[in-house]
Amino acid sequence: MAETQRFSLTEVLDSFRTCLTDQGDILLEHYLNGWKGLIKFMNSLGSVFSFISKDAVGKIQIMENYRIGESSQQYLTLQSMVKYEMENKLVDLVQRSENWDSGCRTILRLHRVLRWLQLFLEKLQIASEDSKTSVLCTEAYNDSLACHHTWIVRKAATVAFYALPTRVAFFEAMNMGTTEEAVAKLGVALPFLSKVFDITEELYRQHNLLDLP
Ligand code: 1PX
């Protein structure tokens, strides 16, 4: 009984499939559910990650406030959000000012983390049994997110990564079945993560939003 109720990353990763509509829109509700699940999983790995969790939860909260606010209909999809915020000049494009917490810049921060997640899961999938998760995680971080972070954040993140368990224990924590099953499930989930990443990247590129302050 306890086994079936244990937190599993399978459903979390599935949110990045269900957030995609047939038209290629990204449903923010499911997208944010995916992040909430990832944060929950990260919290289960230890308090050393709480400074990351705090920042992530703050960003999710910003988005949830928009989703229940007076313009909630504009925040159903990523595409409608970008259109609405751009048309109504609700995005700080050059420097952080009164629109410092726009949906566009908040999602951009998460979008950059999605690239890290993609790289990390790809590495985890093909790594050998005795691989160090901390090394895989640090490599993925250096190849994606690190360039967007300040020196102090990079240092703190790299130190926290040392606390990650071995690949075997990590798969155990993910609770996606045996290592072989987990690898297979990652193979199914990763194309959806990539698709969500690519759609967001292209949308942001079209609107010149990839460097929002
Ligand atoms: C199967 C693996 C699953 C593990 C998933 C764990 C992902 C949890 C979600 C993390 C979300 C982090 C959001 C960080 C956003 C960010 O880049 N914020 C920075 C910039 O924000 P600002 O508003 O100032 O422009 C901010 O400076 C960040 C501060 C905290 C440190 C962020 C480090 C991010 C490392 C992401 C990798 C998480 C590693 C977890 C290991 C399992």
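Residues numbered from 1 in each chain as written. Predicted model: local features only at pLDDT ≥ 70, side-chain atom pairs only at ≥ 80, totals over all residues. Heavy atoms only, no water.

In the annotation of an unreviewed UniProt entry, the chain is listed under the name Ceramide-1-phosphate transfer protein and assigned to Callorhinchus milii. Heading Sequence similarities (unreviewed entry) of the UniProt record for the chain holds this comment: "Belongs to the GLTP family." (UniProt positions renumbered as here; feature names shortened; annotations may be inferred.)

Visitor: I'd like to hear about the site of the ligand, residue by residue, with values.
Guide: Around the ligand, the surrounding shell holds 25 residues, and the nearest of these are D55, K59, R105, R109 and H149. Within the side chain of D55, one N or O atom sits 2.8 Å away from a nitrogen atom of the ligand. The separation between an oxygen atom of the ligand and a polar side-chain atom of H149 is 2.7 Å. In the complex, 91% of the free accessible area of the ligand, which totals 930 Å², lies under the protein chains. A molecule is said to occupy a pocket when more than half its atoms come within 2 Å of that pocket's grid points, and by this definition the ligand occupies the largest pocket. (Near = heavy atom within 4 Å. Polar contact = N/O pair within 3.5 Å; in protein donor to acceptor, adjacent residues only side chain to side chain. Areas by Shrake-Rupley, 256 points an atom, 1.4 Å probe, with all protein chains shown as cover. 1 Å grid on protein atoms, 1.4 Å probe; cavity = no way out; pocket = protein on both sides within 12 Å on 5 of 7 lines; lining within 4 Å. Sits in = over half its atoms within 2 Å of the grid points.)

Visitor: A description of helix α2 (residues 9-18) should follow, citing residues and the corresponding values.
Guide: Inspection of α2 places L9, V12, L13, S15 and F16 among the buried residues, and these make up the whole buried set. The buried side chains of α2 occupy one side of the element, clustering within an arc of 130° when seen end-on. Contacts from the buried residues of α2 go to α3 (28-44), α6 (103-126), α9 (167-174) and α10 (179-206). (Buried < 20%, exposed > 50% of the residue type's maximum accessible area, 1.4 Å probe, protein only. Helix = DSSP H or I, 4+ residues; strand = E, 2+ residues; numbered from the N terminus. Arc of directions from axis to C-beta. Contact = heavy atoms within 4.5 Å.)

Visitor: Tell me about the confidence of the model for the chain, and please be specific about residues and values.
Guide: In this model, the chain carries a mean pLDDT of 95, and residues with pLDDT of at least 70 account for 97%. Both confidence scores are given for the complex: pTM 0.96, ipTM 0.98. (pLDDT = per-residue confidence, 0-100.)

Visitor: Hey, could you go over the environment of V188 for me, with residue numbers and the actual values?
Guide: With respect to the helices and strands, the residue V188 is situated in helix α10. Residue classification places V188 among the exposed positions, given a relative accessible area of 55%.

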